[in-house]
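Spelled out, the chains give:
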Amino acid sequence: MSSGLLNVIDVAAYYKQQVGASVKTIKAVDGVDLFLYEKEILGIVGESGSGKSTLAHVILMNIKKPLEFIRGTVRIYTGNNFLNLNSMSIEELRARVWGKEIALIPQSAMNALMPTLKIKRIILDIVKSHQDKVNEEDVIEKATKRFRELGLPEKAIDMYPFELSGGMRQRTVIAVATLLNPRILIADEPSSALDVVSQRMVLKTFYDLFRKNIIKSMIFISHDIATVRQIATDMCVMYAGKIVERGPTDDLVKRPLHPYAEGLINSIPSVEPEIRKRKLRYIPGQPPDLSNPPTGCRFHPRCPYTMDICRTKEPPALEVERKHLVSCWLYARR
Amino acid sequence: MLKVKNLTKIYELGFISKKRIVAVDNVSFEVRSSEIVSLVGESGSGKTTTAKIILRLLPPTSGNVLFENKDVWKDVRRREDRIDYWRKVHAVFQDPYSSYNPFYTIDRVLKQGVKLIGINPSSDKADEIINEALEYVGLNPSEVLGKYPHQLSGGQRQRVMIARCWIIKPKLILADEPVSMIDASMRVSIIELFEKLKKSYGSSTIFITHDMSLAYYISDRILVMYKGRIVDEGSPDDVINSPEHEYTKRLIASVPKLYQKWTL
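1. Concerning the overall build of chain A
A tally of regular secondary structure across chain A gives 11 helices and 12 strands. Compactness check: chain A gives a C-alpha radius of gyration of 21 Å against a globular reference of 20 Å for 334 residues, within 12% of the reference. If one aligns the C-alpha atoms of chain A with their principal axes, the spans along those axes are about 65 × 50 × 45 Å. For chain A, the proportion of its 334 residues judged to be buried stands at 44%. When contacts within chain A are restricted to residue pairs at least 6 apart in sequence, those whose partners lie at least 24 apart make up 63%.

Encoded structure:
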C-alpha cells in the first residue's frame, strides 16, 4: 500500500496555562498516529474534550497559544514529494499548504461570514490572501462553476450572508473553502448546528466534492456518530486525547472492539426498532481531567473489564482484523 | 390529567405596521398520568411556546389549558394556587447553568424544593430528603453539596435539577431539551431518570426535543409539531413506520441512523 496522503506519527500537543506561579498542562492530544489514504473519508468521533478539534489544528500545524506542539511528525504527500509540516514556519505553511494542500472548515464557520460583505467579496478576499496576483473575473467565474458543480444557486454569489439560510451558508463555506482544490479537506462539526434536513444536504455537498474528485480525501470530525456513519468510509474513536480504535465504518459500528467505543455506540439513540429492543446503555463515570490523566490506559477507571496491566501500561495499537486497529489489552495476548 | 384545547398564541411585532406571527396554531392534546409524551419539531415550530403556556409563564391568545380539570389561566389566580400549581407541574430546562444563580451554592435550589413541599429547609428532615434525592439521581451528596454551579459538570448540574423534581414529586414535568447539552454517553443516564420518576411516582413528562431518535427511544407517545400545529401523533413505532404528514416523512428520512446507511 502507498504511504498515504497524510501521515501523522506520534503527535502530542498540550495546552499550557499559567496559573499563578505554576503552569497547568492540559494534554489534549497525546500520542496520536493517524494515516489518511487517497479516496478515504475518515470520521473522527468522540465526546467533547476528547481532543478532536485540537487534533485538526495539529494536522494543519496551526499552533496558537496556549496550545503548544510537543512532539511528533505531520507529513503530507503533495503529488510528487513529501512535506514535513512540523518543520515549516507559519509563513511557509500559509504560502504553500493551507487552502492549497489541506483546507479546514472550523467549527461554526458559517457564522464567520462577514454580514456586510457580499459572498463575492468574501471569495475575492480569501483568494487574495493566498495568491499574490488575482484576476477578479477569473476567480468569480471559477467560483460560479464550483457553485454549479455542488448544486448551489449561482445567484448566492451576489447575495449577503444573512440572506442565506443556515444550510445554504454552510454549503457556501464548503464551496469557498475548496476553491483552491485542496487535496485534503478537514471539516470540524460541519453539520452540528443545522436541522436534520439541512444536515443531509450538507453531507451530500461533501460527498459531491469527493465524488467529483475535487478533493482526494477528507477528515470529518463530529460527536454525532449517526451522522459520521452516513459519510465516512473509515472511523476513528477518540478518548481523552488518544485514538482508541480505528476501522472500516461498518465494522466499527456493528462490532466495536474497544470497551469505550462499544459503550459509546450503545448509548446512541436512533429511530431503528433494534435499538428499542436492545435498550440503550451508558458509560458510568466521567472523562478524566487531562491535566492529570490516569496512568496506563486512560479509560481504565470507567472500563468494565479493567485488568491489572490496564492500570500501569498503556496499550499499543493492534491490528485485530484487516484495517481494524484497537488499543486495548483485551486484544493483546491471544 | 392535562388537557390542552385549541391553544393559539399569536405574537405581534412592530408598532405602526403590525406583523403577526402565529407561533402556536390551534393545538390540542392530552397527557395522561404515568405517560411520557414527546413534542418533536424543528426550531420555531412552537414547542417551547406551548410549554411556556402550560407552565403559566406566557398567556395564550386563545384556547385553554386544563390541569386536573382546572383552567390554568382562569382558575389558578391566587398566589397559593400558583405555588400549588408549580408544585404539581415542574420544569427542567435545556441549559441547567441558567437555572442556577451563580452566587449561591447548588444547595439553594434543593432547599427551595424542600420549602415548596412545606418542610423547614434548615431541619434535619430536609437534609435527609436532599441526600436521598441526590443519591437517587446517581450523585454522591458529599461531592456536590456546598459547591457552586460552575464547579459541577453539565451532567451533574442537570442531575441536580432532576433531584429537585424528585423532592417535589410533581405530577407533570416539562423537560425542554434537557439533554441537548450533555455528552452522548451520559444522555441515556439522564433520560432514564424521567422513566424512573414515572415508575416510582406515576409522574408524567412532556419531553420537548428536536431529536427524533431520542423521542423514539423514550416516549410512550410522540406529537410532531410543524409551523405551530401538531401534524402527526401516535406511538413511536406508528410515527416512525407510517408517518402521515409530508413533514414527518421528510424528517424521518433525514434523521441519520446508526445501522442503516444512506445513498448520498
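2. Section: the sheet that holds strand β7 (residues 172–176) of chain B
All names here are of chain B. Strand order in this open sheet of 6 strands is β6-β7-β8-β3-β9-β10, and the pairing throughout is mixed. With one partner strand each, in any of the chains shown, β6 (89–92) and β10 (229–234) form the two edges of the open sheet. Mean inter-strand twist for the sheet, computed between neighbouring axes without regard to direction, equals 20°. Across 5 bridges, β7 lies against strand β8 (residues 204–209) in parallel orientation. Looking at the pairing, Ala 175 lines up with Phe 207 of β8. The sheet strands contacting helix α6 (residues 154–168) are β6 and β7, and the helix crosses β6 at an angle near 170°.

3. Some thoughts on the environment of Glu 132 of chain B
All names here are of chain B. Here Glu 132 shows up in helix α4 (residues 124–136). A count of 13 C-beta atoms within 10 Å places Glu 132 in the partly exposed class. In the structure, Glu 132 is positioned 31 residues away from Ala 163 in sequence and 8.9 Å away in space, judged by C-alpha atoms.

4. Quick word on the interface of chain B and chain A
Taken together, the 30 residues of chain B in the interface contact 34 residues of chain A. Within the residue set of the side of chain B that touches chain A, elements represented by two or more residues are α7 (184–201), α8 (212–218) and α10 (246–254) of chain B. Looking at the side of chain B that touches chain A, the element that brings in the most residues is α7 of chain B, giving 6 residues. Residues of the side of chain B that touches chain A, tallied by class, amount to 16 nonpolar, 8 polar and 6 charged.

5. Things to note about the sheet that holds strand β6 (residues 102–105) of chain A
Hydrogen bonding along the main chain pairs the strands of a sheet, whether they run parallel or antiparallel. All names here are of chain A. Pairing is mixed in the open sheet, where 8 strands are placed in the order β6-β7-β8-β3-β9-β10-β12-β11. Looking at which strands have only one partner, the edges of the open sheet turn out to be β6 and β11 (318–321). Recorded for the sheet is a direction-independent mean angle of 20° between the axes of neighbouring strands. Across 5 bridges, the pairing between strand β7 (residues 184–188) and strand β8 (residues 217–222) is parallel. Pairing of Ile 186 across the sheet is with Ile 219, part of β8.

6. Focus: the packing of α4 of chain B against α6 of chain B
Residues and elements named next belong to chain B. Following both chains from N to C, one finds α4 and α6 inclined at 125°, their axes separated by 9 Å at the closest point. Considering the angle they form, α4 stands oblique to α6. Crossing geometry of α4 relative to α6 is assigned as right-handed. Contacts between α4 and α6 involve Ile 129, Ala 133, Leu 134 and Tyr 136 on the former and, on the latter, Ala 163, Trp 166 and Ile 167.

7. Examining the nonpolar core
Core analysis: the biggest nonpolar cluster contains 91 residues, and Ile 59, Ile 102, Ile 186, Phe 206, Phe 220 and Val 237 of chain A have the highest contact counts within it. For this core, the leading source of residues is strand β2 (residues 22–36) of chain A, giving 6 residues. Contacts of Ile 102 of chain A, omitting those with residues within four sequence positions, involve Ile 59, Leu 60, Ile 76, Val 97, Pro 182, Ile 184 and Ile 186 of chain A. Among the nonpolar cores identified, the runner-up in size contains 76 residues, and Val 24, Val 27, Val 37 and Ile 182 of chain B belong to it.

8. Topic: the confidence of the model for chain B
Here chain B shows a mean pLDDT of 91. Residues at 70 or above account for 100%. Both scores are given for the predicted complex: the pTM is 0.88, the ipTM 0.81.

9. So, unusual backbone geometry
Residues and elements named next belong to chain A. A cis amide bond links Lys 65 with the next residue in sequence, Pro 66, at an omega value of 5°. Position of Pro 66 among the secondary structure elements: in the loop between α1 (52–59) and β4 (67–77). Its identity as a non-glycine residue notwithstanding, Ser 108 has a phi of 45°, on the positive side. Tracing the backbone through its elements, the reader meets Ser 108 in the loop between β6 and α3 (119–130). When the 14 C-beta atoms within 10 Å are taken as the criterion, Ser 108 is described as partly exposed.

10. Notes on the packing of helix α6 (residues 196–211) of chain A against α10 of chain B
Two elements in contact, α6 of chain A and α10 of chain B, have axes separated by 8 Å at closest approach and are oriented at 45°. The pairing of α6 of chain A with α10 of chain B is recorded here as oblique in orientation. Helix-helix and strand crossings are classified by hand; for α6 of chain A and α10 of chain B the assignment is left-handed. Facing α6 of chain A, whose interface residues are Val 196, Val 197, Gln 199 and Arg 200 of chain A, α10 of chain B presents Arg 250, Leu 251 and Ser 254 of chain B. Considered class by class, the residues forming the contact of α6 of chain A with α10 of chain B number 3 nonpolar, 2 polar and 2 charged.

11. Observations concerning the pairing of β7 of chain B
Residue and element names in this part refer to chain B. Within β7, 5 of the 5 residues are buried, leaving the element largely enclosed by the surrounding structure. Neither face of β7 is left uncovered, since the one carrying Leu 172, Leu 174 and Asp 176 and the one carrying Ile 173 and Ala 175 both have all their residues buried. Two elements, β6 and β7, share 4 bridges in a ladder whose sense is parallel. Along β7, the bridge assignment pairs Val 89 with Leu 172. Read from β7 through α7 to β8, the crossover connection turns out right-handed.

12. Considerations on helix α5 (residues 166–177) of chain A
Residues and elements named next belong to chain A. Its 12 residues give α5 an end-to-end C-alpha distance of 16 Å, which sits within 8% of 16 Å, the value for a rise of 1.5 Å per residue. Along α5, 10 of the 12 residues are buried, which leaves the element largely enclosed by surrounding structure. Regarding α5, the residues found buried are Gly 167, Arg 169, Gln 170, Arg 171, Thr 172, Val 173, Ile 174, Ala 175, Val 176 and Ala 177. Looking at the buried side of α5, the elements it contacts are β6, α3, α4 (136–149) and α6.

13. So, the pairing of β2 of chain A
Residues and elements named next belong to chain A. Both strand β1 (residues 6–19) and β2 contribute to a ladder of 11 bridges, which runs antiparallel. Residue pairing across strands places Asn 7 opposite Phe 35, the latter belonging to β2. Following β1, the chain reverses through 2 residues before pairing antiparallel with β2; Gly 20 in that reversal takes a positive phi of roughly 60°.

Scoring rules and cut-offs
Counting from 1, residues in each chain are numbered in the order their sequence is written. Both sets of labels track the order of writing: A upward for chains, 1 upward for ligands. Where local features are concerned, this predicted model is filtered to residues with pLDDT of at least 70; where side-chain atom pairs are given and counted, the filter is 80 or more; whole-chain, interface and lining totals use all residues. By the criteria applied, helices consist of DSSP H or I runs no shorter than four residues and strands consist of E runs no shorter than two, each listed in order from the N terminus. As defined in this context, the radius of gyration uses C-alpha atoms, and a globule is described by 2.2 Å times the residue total to the power 0.38. Think of it as a crowd count around each C-beta: if 20 or more other C-beta atoms lie within 10 Å the residue is buried, if 12 or fewer it is exposed, and in between it is partly exposed, with C-beta placed from the backbone throughout. Placing C-beta atoms from the backbone, we regard two residues as in contact once those atoms come within 7 Å. What makes two strands pair is DSSP finding at least two bridges between them. Where helices are involved, their axes are fitted lines through C-alpha atoms of the stretch in contact, as for all axes, and angles between N-to-C directions lie from 0 to 180°. Under the grouping applied here, Gly and all other residues not named as nonpolar or charged are polar, the nonpolar ones being Ala, Val, Leu, Ile, Met, Phe, Trp, Tyr, Cys and Pro and the charged ones Asp, Glu, Lys and Arg. Throughout, the term roughly parallel applies to angles under 35 degrees, roughly antiparallel to angles over 145, roughly perpendicular to angles from 65 to 115, and oblique to all others. Throughout, a crossing is termed right-handed when the near helix is turned clockwise from the far one, and left-handed when it is turned anticlockwise from it by less than a right angle. Here a nonpolar core is just a set of buried residues of the types Ala, Val, Leu, Ile, Met, Phe, Trp, Tyr and Cys, joined wherever their C-beta atoms sit within 7 Å. A residue's pLDDT is the confidence the predictor assigns to it, expressed on a 0 to 100 scale. Assignment of crossover handedness uses the view with strands pointing away from the viewer, where a clockwise path from the first strand over the helix to the second indicates a right-handed crossover. Residue count minus one, scaled by 1.5 Å, sets the expected span of a helix.

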